[in-house]
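# Fold and contact review
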Amino acid sequence: MSTPFYVSPQQAMADRAEYARKGIARGRSLVVLQYADGIVFVGENPSRALHKFSEIYDRIGFAAAGKYNEYENLRIGGVRYADLRGYTYDRTDVTARGLANVYAQTLGTIFSSAGEKPYEVELVVAEVGVSPEGDQIYRLPHDGSIVDEHGSVAVGGNAETISTYLDQRHREGMTLAEALKLAVQALSRDTNGGEREIPAERLEVAVLDRTRPQARKFKRIIGRQLARLLAADGDATAETDSALDEEPGPDENPPSKRGGKPRGGSGKSGSADSGDGGK
Amino acid sequence: MEANTRSTGRLPAAFLTPGSSSFMDFLTDHQPELLPGKQTLPPLKGAIEAPHGTTILALTFPGGVVLAGDRRATMGNVIASRDMQKVFPADEYSAVGIAGTAGLAVEMVKLFQLELEHFEKVEGAQLSLEGKANRLSTMIRGNLSMAMQGLAVVPLFAGYDTDSEKGRIFSYDVTGGRSEERGFAATGSGSVYARGALKKLYRDGLTEQQATTLVVQALYDAADDDSATGGPDLARRIYPTVTVITDEGFRQLAETESAAIVRAIHERRLELPDGPRAEIL
C-alpha cells in the first residue's frame, strides 16, 4: 500500500473553498435588497420555470446562486423544515434565524466532511418584518458561515462588484420601483467594470411584501407588473421627488429603461448616483 | 436517521432526500406520530363525548361559490361554543367547511391547508381543484377507524376551478367517498333543513349578493329546526361565517357585511317567521 500524500488541513480546506467558489462563480449573481414595503429579490434568469427565488414560509423567502440541483435540494429541505415546525408548534415559531442556522449547520457539515464534495451554492434567507426594522437578511456562503446583512446583499460570481455598487447607492425607504431599478443596474455591471443590458424577459423578480393582506407575503413579479415597475419609475419618482434637481427628460422615456440600463438611474437613485459607468 | 433537527442542528437526511411533494407523505415517513388519525384509541363502549360542529352549506353562482357555516359547537345537549369557526380557507382558491368532531376536524383542516401549501411551494404550481378534492378524500379515509368510534369528520369542500372558470362543490361521506354537487350542498346535523331551504330558494344566475343572502336564509332555517345549529346571535354579535371564492380568490365577509345581511333577514322574519315563500307552481 502506498502512503497517501500528506495534505495539510489548511490546504485541504482552501482547496475545497476554492472548488465551491469556482462553482458558484459560474452561476449568475443575484441581489436581495430592502425597500420601504419589504424585501425584493432580483436576478438574471433565462428560465421561466427553474427559479432562483422561492417561498419558504409565510414571511420567509429563499434565494440561491450556484448549482441548481444542490440548492433545490436545500430549498425543499427548508420548506419541509419550516412546514414541520409550523405544524408541530405554531406558524409564528418559524423564523428566518432558525432556518438560517439549520442551513448553516447543514452546509458546514457538508463542507468539512471529507466524504462529500462541498456544495457549490450561496444562499440568502430573508424574512420580512412588520416594519423595516424587523426585516432580517442572512447570507450563507458555501462553507456554512452565516452573515447577518442589512440593506442590500449580492451573492454569486460577481457579488463583490455588485455589493460595492449597491452599498454606495442603496438607502432606506426606497420604493419598489427604485429598488428594482437599482438592483438591475447593479446586476448589469461586469467584473471588469463594463455594462450590459438585461432585458426584462431575463429577469426573475420576487418580493416579500409586508403590505399584502394574506399571511403569505411572498409574491413573484412577472409580466405586465414587472414591465410597469421597470418602466414607470420615471413617472413615480417624478411625482414623489419632483423637488430633486433631476432632469425629467430621460424619465419620461419608459421603453429605454426596460432593460434597466444604468443611465436610467438619473430618475431616483440617480440622486446618489451622479452618473453612469462610474467604473 | 435523526428524528428531528433539534438533536443535530443540521437537516436530517430525510429532509434532503428527493421525493414526494406531499407533506403528508413526508410526515408518514419521518414523524408518523404527528398525523391525526394515526392514534389508536383504547376499546370504548359507546361514543366519545366531544364537541361537535353542525351545519355547513355551499352554493354556486355564476363566477364563484359561497361556503358558509353556523357558529355553534355542541356536546350532547350542551352548547360547547357559541363562536366556533368552521369554515376555513384551504388555499387561495378553495375553502373547507367542517361538520363533526370539532377537535379532529380542525386538526384535519390544518393538515389539509399545509398539504396544499407544501405542494405549491415545492412544485411551484397549485394542485388542480380535483387534486385538492381527492387529497381531502384520502385524509378522511385515514380517519375511518376513529370515525367508527364516533369521531367522524365530514367536510364540505368548495373552490373556484381556474381551469373551467367556475365554482365547484364537493361533499364527502365518512369513508372518504367524494361526490361533486351541482348548485348547492349541505352537511352536518342541520343540513336537512338547510337543504330544504336551499332547494326552494336556489335558482340559476344568482348574483354574489343574492348568494350570500341565500346561505344565511338557509342557515336561519337550519337553526330554526335543529337545536345543534346556532342561529345568528344578534345580542352577542355572533354571525354566521360566510365566505366567497371567485377568480379573485378567497374572501371572508367582514363582520359588518354579514351583520347587514343577518339584520335584513331578521327584520323580514319578524313579519314572516318562516322566511320567504317560494311559488307553489
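In every chain, residue numbers begin from 1 and rise along the written sequence. Chains carry letters and ligands carry numbers; both start at the beginning, A for chains and 1 for ligands, and go up in the order they are written. Reporting in this predicted model follows two pLDDT cut-offs: at least 70 for local features of residues, and 80 or more for side-chain atom pairs to be given and counted; totals over whole chains, interfaces and linings ignore these cut-offs and use all residues. With hydrogens and water stripped out, all remaining heavy atoms of the structure feed into the side-chain values.

Applied cut-off: UniProt positions are given in the numbering used here, feature names are shortened, and annotations may be inferred rather than shown by experiment.
Chain B has the name Proteasome subunit beta in an unreviewed UniProt entry, where Streptomyces tsukubensis is given as its organism. What UniProt records for chain B under Pathway (unreviewed entry) is the sentence "Protein degradation; proteasomal Pup-dependent pathway." Under the Subcellular location (unreviewed entry) heading, UniProt states for chain B: "Cytoplasm".

Identification of chain A as Proteasome subunit alpha from Streptomyces tsukubensis is taken from an unreviewed UniProt entry. According to the UniProt record, the Subcellular location (unreviewed entry) comment for chain A reads "Cytoplasm". UniProt annotates chain A under Function (unreviewed entry) with the comment "Component of the proteasome core, a large protease complex with broad specificity involved in protein degradation."

### Things to note about the pattern of salt bridges
Definition in use: Salt bridges are defined by distance alone: a side-chain nitrogen of Lys or Arg within 4 Å of a carboxyl oxygen of Asp or Glu. Only DSSP runs of H or I covering at least 4 residues are called helices, and only runs of E covering at least 2 are called strands; the numbering of each starts at the N terminus. The cut-offs for exposure are 20% and 50% of the maximum accessible area for each residue type, with area from a 1.4 Å probe on protein chains only; residues under the lower value are buried, those over the upper are exposed, and the others partly exposed.
All told, the structure shown has 32 salt bridges over all chains when counted by the stated rule. A salt bridge links Asp 58 of chain A to Arg 91 of chain A, with the nearest nitrogen and oxygen atoms 2.7 Å apart. Of this pair, Asp 58 of chain A sits in the loop between strand S3 (53-57) and strand S4 (60-66) while Arg 91 of chain A sits in the loop between helix H2 (68-88) and helix H3 (96-112), placing them 33 residues apart in sequence. Using a relative accessible area of 33% as the deciding quantity, one classes Arg 91 of chain A as partly exposed. The network of salt bridges with common partners includes Asp 58, Asp 83 and Arg 91 of chain A together with Glu 117 and Lys 121 of chain B.

### Quick look at the side chain of Thr 54 of chain B
All names here are of chain B. Our working definition: We define a polar contact as two N or O atoms separated by no more than 3.5 Å, with the added condition that, inside protein, one atom must be a possible hydrogen donor and the other a possible acceptor, whereas residues neighbouring each other in sequence contribute only through side-chain atom pairs. Contacts between residues were defined by any pair of non-hydrogen atoms, one from each residue, lying within 4.5 Å.
Looking at where Thr 54 falls in the secondary structure, it is placed in the loop between strand S1 (52-53) and strand S2 (56-61). Judged by relative accessible area, Thr 54 falls into the buried class, the value being 2%. There is a polar contact of 3.4 Å between the side chain of Thr 54 and the backbone oxygen of Arg 72. Reaching out from Thr 54, the side chain makes a polar contact with the side chain of Lys 86 at a distance of 3.0 Å. Not counting residues within four places of it along the chain, the set of residues in contact with Thr 54 comprises Asp 70, Arg 72, Thr 74, Lys 86, Ala 99, Thr 187, Gly 188, Ser 189, Ala 228 and Thr 229.

### Quick look at helix H4 (residues 159-169) of chain A
Residue and element names in this part refer to chain A. To be explicit about the condition: Here the arc refers to the set of directions running from the helix axis out to each C-beta atom.
Among the residues of H4, Ala 159, Thr 161, Ile 162, Tyr 165, Leu 166 and Arg 169 are the ones counted as buried. Considered in projection along H4, the buried side chains sweep an arc of 165° and stay on one side of the axis. Facing away from the buried surface of H4 by more than 90 degrees, the exposed residues are Glu 160, Asp 167 and Gln 168. On its buried face, H4 sits against strand S1 (30-35), strand S8 (152-155) and helix H5 (176-187).

### Observations concerning a negative patch on the surface
The test is simple: Patches draw on residues past 30% relative accessible area with no salt bridge. Two like charges within 9 Å are joined, as are two nonpolar side chains (Val, Leu, Ile, Met, Phe, Trp, Tyr) within 5 Å. Note on areas: Shrake-Rupley with a 1.4 Å probe; residue coverage comes only from the protein chains shown. His is not counted, nor are the chain ends; Lys and Arg add positive charge and Asp and Glu add negative charge. A charged residue contributes its charge at one atom only: NZ of Lys, CZ of Arg, CG of Asp or CD of Glu.
On the surface, Asp 163, Glu 165, Asp 247 and Glu 248 of chain B cluster together into a patch of negative charge. Mapped onto the elements of the fold, Glu 165 of chain B is located in the loop between strand S8 (153-161) and strand S9 (166-172).

### Overview of the nonpolar core
Note on soluble globular proteins: their nonpolar side chains tend to be buried together. Put simply, the test is: Here, nonpolar core means buried Ala, Val, Leu, Ile, Met, Phe, Trp, Tyr and Cys residues that are tied together by side-chain atoms lying within 4.5 Å of each other.
Membership of the largest hydrophobic core comes to 63 residues, with the highest contact counts inside it found for Ile 56, Tyr 103 and Leu 123 of chain A together with Phe 157 of chain B. The element best represented in this core is helix H3 (residues 102-123) of chain B, accounting for ten residues. For Leu 123 of chain A, the contacting residues outside a window of four places in its chain are Phe 62, Ala 63, Ala 64, Tyr 71, Leu 74, Tyr 103, Leu 107, Tyr 138, Arg 139 and Leu 140 of chain A.

### What to know about the sheet that holds strand S2 (residues 38-44) of chain A
Residue and element names in this part refer to chain A. Spelled out, the test is: Note: two strands are recorded as paired if DSSP finds a minimum of 2 bridges between them. The convention used is that axes are lines fitted to C-alpha atoms, helices contributing only their stretch in contact, and that angles between N-to-C directions extend from 0 to 180 degrees.
The five strands are arranged S8-S1-S2-S9-S10 in an open sheet whose pairing can be described as antiparallel. The open sheet terminates on both sides in strands that have one partner only, identified here as S8 and strand S10 (218-221). In this sheet, adjacent strand axes meet at a mean angle of 20° when their direction is disregarded. Judged from the six bridges that link them, S1 and S2 form a sheet pairing that is antiparallel. Bridging across to S2, Leu 33 finds its partner in Val 40. In the packing of H4 onto the sheet, the strands contacted are S1 and S8, and the crossing angle to S8 comes to about 165°.

### Thoughts on the environment of Lys 166 of chain B
All names here are of chain B. Its location among the elements puts Lys 166 in strand S9. Judged by relative accessible area, which is 43%, Lys 166 ranks as partly exposed. Ignoring anything within four residues of it in the chain, the contact list for Lys 166 reads Gly 159, Tyr 160 and Asp 161.

### Here we look at the pairing of strand S3 (residues 64-69) of chain B
Residues and elements named next belong to chain B. The buried count for S3 comes to six of six residues, which makes it a mostly enclosed element. Residues Gly 64, Val 66 and Ala 68 of S3 are buried on one face, and the alternating residues Val 65, Leu 67 and Gly 69, pointing to the opposite face, are buried as well. Sheet topology places S2 next to S3; six bridges connect them, and they run antiparallel. Each bridged residue has a counterpart across the sheet, and for Phe 61 the counterpart in S3 is Gly 64. Hairpin geometry of S2 and S3 is characterised by an intervening segment of two residues between the two adjacent antiparallel strands and by a positive phi of about 100° at Gly 63. In the sheet, S3 pairs with strand S12 (residues 241-246) via six bridges, with the strands oriented antiparallel. By the bridge assignment, Ala 68 is partnered in S12 with Val 242.

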